[in-house]
Amino acid sequence: IEAEPLALYYYAGTLRDDFPLLKFLAYYQILEYCFAQYSQLETVCGRRFSSEREQLQATITKGVDHSGLIKFLTEHHYDGVALSGHLADTRRLAGVNTVNIDQVGQDVARDLTNRIYSIRNRIVHAKQNYIGTSREPIFPFSEESKALQPDIEVLRYVAASVLIESATNTDE
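A brief structural summary. (Residues numbered from 1 in each chain as written. Predicted model: local features only at pLDDT ≥ 70, side-chain atom pairs only at ≥ 80, totals over all residues. Heavy atoms only, no water.)

1. A look at the overall build of the protein
Moving on, step 1. When helices and strands are tallied, the protein shows nine helices and four strands.
Moving on, step 2. Walking the protein from its N terminus toward its C terminus, one meets helices and strands in the order α-α-α-β-β-α-α-β-β-α-α-α-α.
Moving on, step 3. Expressed as a percentage of the 172 residues in the protein, the buried residues total 43%.
Moving on, step 4. Residue pairs in contact within the protein that sit at least 24 positions apart in sequence constitute 63% of those at least 6 positions apart.
Moving on, step 5. For the protein, the accessible surface area stands at approximately 9700 Å², while carbon and sulfur atoms represent 51% of it. (Helix = DSSP H or I, 4+ residues; strand = E, 2+ residues; numbered from the N terminus. Buried < 20%, exposed > 50% of the residue type's maximum accessible area, 1.4 Å probe, protein only. Contact = heavy atoms within 4.5 Å. Areas by Shrake-Rupley, 256 points an atom, 1.4 Å probe, with all protein chains shown as cover.)

In structure tokens:
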């Protein structure tokens, strides 16, 4: 495993639960570091492009074993509820995509990508309420920041999986 993303992983693990926004972003940075390895960038008119969301989805899709992810979401709990239950709960985080692993035909990697990216944007883009948007930023010490703990556990698992996969897969 490369030293830089491993240092990010250790850093995120040292952050106290009192700082969920920093912890979430630290684990996200590990995925971001691996974007280039997993993203297939298309070329249009000689210019490479791929949105951050597409790069995140490629990283999660290629770097995380689907069956292992489903097993983790169903077997690991936070406050007595399976992590999959937290991700499917529409009341926990307003304006954030849910992930329902029990729905037939559901693309869990895509849904998880959308959720992680939505949370990341609500943390990073702390702008005052724009006309036409219902999503407020997630601020430190808010109830929503406290509700991030299950998502941080999932993101920690995803980051660890990507680190391991990126170190063992030399075909990319």
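2. What about helix α5 (residues 66–75)?
Moving on, step 1. Those residues of α5 lying buried are Gly68, Leu69, Phe72 and Leu73. For α5, the buried positions fall inside an angular range of 135 degrees around the axis, keeping them on one side.
Moving on, step 2. Close packing links the buried residues of α5 with β4 (81–82), α6 (83–88), α7 (108–124) and α9 (149–168). (Arc of directions from axis to C-beta.)

3. Some details on the side chain of glutamine 55
Moving on, step 1. By the element assignment, glutamine 55 lies in helix α4 (residues 52–63).
Moving on, step 2. The contact partners of glutamine 55, leaving out residues within four places of it in the chain, are Phe35, Ser39 and Ser50.

4. Examining the packing of α5 against α9
Moving on, step 1. At their nearest, the axes of α5 and α9 sit 11 Å apart, and the two run at 155 degrees to each other. Considering the angle they form, α5 stands roughly antiparallel to α9. For the pair α5 and α9, the crossing hand works out as right-handed. From α5, Gly68, Leu69, Phe72 and Leu73 reach across to α9, where they touch Glu153, Val154, Tyr157 and Val158. (Axes fitted to C-alpha atoms, helices over the stretch in contact; angles between N-to-C directions. Parallel < 35°, antiparallel > 145°, perpendicular 65-115°, else oblique. Left-handed = near helix turned anticlockwise from the far one by under 90°.)

5. Structural notes on the environment of lysine 23
Moving on, step 1. Residue placement: lysine 23 occurs in helix α2 (residues 20–33).
Moving on, step 2. Beyond its immediate stretch of four places on either side in the chain, lysine 23 contacts Ala12, Leu15, Arg16, Asp17 and Ile152.
Moving on, step 3. Within the structure, lysine 23 has its side chain in polar contact with the side chain of aspartate 17 (distance 2.9 Å). (Polar contact = N/O pair within 3.5 Å; in protein donor to acceptor, adjacent residues only side chain to side chain.)

6. Here we look at the packing of α2 against α4
Moving on, step 1. α4 packs onto α2 with a crossing angle of 85 degrees between their chain directions and a minimal axis gap of 9 Å. Between α2 and α4, the angle falls in the class roughly perpendicular. Across the interface between the two elements, Tyr28, Leu31 and Glu32 from α2 touch Glu52, Leu56 and Thr59 from α4.
Moving on, step 2. Split into classes, the residues belonging to the contact of α2 with α4 amount to three nonpolar, one polar and two charged. (Nonpolar A, V, L, I, M, F, W, Y, C, P; charged D, E, K, R; others polar.)

7. So, the environment of alanine 147
Moving on, step 1. Counting through the fold element by element, alanine 147 comes out in the loop between α8 (143–146) and α9.
Moving on, step 2. As a C-alpha pair, alanine 147 and proline 20 span 127 residues in sequence and 8.9 Å in three-dimensional space.
Moving on, step 3. Discounting chain neighbours no more than four positions away, the residues touching alanine 147 are Arg92 and Leu93.

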